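Coordinate analysis (summary)
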Amino acid sequence: MGRRTQAERDEATVEIGFALFVATSLAGAAFIAVTAPVHFFGVTSPSEHTLNRVGAVVAATVFVASVVTILVRHRRAGRRRAEQLRMDQSRAAQPSQPGRTKPDS
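Throughout what follows, the structure given in this document is the object of discussion. Everything numeric here is computed off the predicted structure, so don't read it as measured data. (Residues numbered from 1 in each chain as written. Predicted model: local features only at pLDDT ≥ 70, side-chain atom pairs only at ≥ 80, totals over all residues. Heavy atoms only, no water.)

1. Considering the overall build of the protein
Across its full length, the protein carries two helices and zero strands. Going through the 105 residues of the protein one by one, you find that 14% of them count as buried. Considering only intrachain contacts with a sequence separation of at least 6, the fraction spanning at least 24 residues in the protein is 64%. Approximately 8,300 Å² of the protein is accessible, and the part contributed by carbon and sulfur atoms is 62%. (Helix = DSSP H or I, 4+ residues; strand = E, 2+ residues; numbered from the N terminus. Buried < 20%, exposed > 50% of the residue type's maximum accessible area, 1.4 Å probe, protein only. Contact = heavy atoms within 4.5 Å. Areas by Shrake-Rupley, 256 points an atom, 1.4 Å probe, with all protein chains shown as cover.)

So this is what it looks like as structure tokens:
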């Protein structure tokens, strides 16, 4: 891989921030969904502790899965864009008709 431009570095920074924001939101929602009976319906011990632990595990799993999924998709999209750019550049360098040296001739 070659050197990255400032725009590419900025794009990666924004994508990481987006991934963390989305993952945190989804993890919080998952934790609340699992622990809702404890907080809203007054479930008591020992189920209370069990639901809190399960909620924490689910939230952590959702967080990691979300971050990984978003960043992998971003990386694949970047590779596709780079490949498309290379293909476009190679097409521009080729003459439009066989035997001709310039596209204008």
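Text resumes after the structure shown.
2. Observations regarding the environment of A65
Position of A65 relative to the elements: it lies in helix 2 (residues 47-93). Placed 42 residues apart in sequence, A65 and A23 show a C-alpha to C-alpha distance of 8.1 Å.

3. Considering helix 1 (residues 6-40)
Between its first and last C-alpha, helix 1 extends 48 Å over 35 residues, near the 51 Å set by a 1.5 Å rise per residue. A positive phi of about 70° marks G42, the residue just after helix 1. (Expected span 1.5 Å × (residues − 1).)

4. Digging into a nonpolar patch on the surface
Residues I16, L20 and L71 make up a contiguous nonpolar surface patch of about 220 Å² in total accessible area. Take L71: it is sitting in helix 2. (Patch = residues over 30% accessible without salt bridge, like charges linked within 9 Å, V, L, I, M, F, W, Y side chains within 5 Å. Salt bridge = Lys/Arg side-chain N within 4 Å of Asp/Glu carboxyl O.)

5. Remarks on the environment of I70
Within the fold, I70 resides in helix 2. Expressed as a C-alpha distance, the spacing of I70 and A23, which sit 47 residues apart in the sequence, is 9.0 Å.

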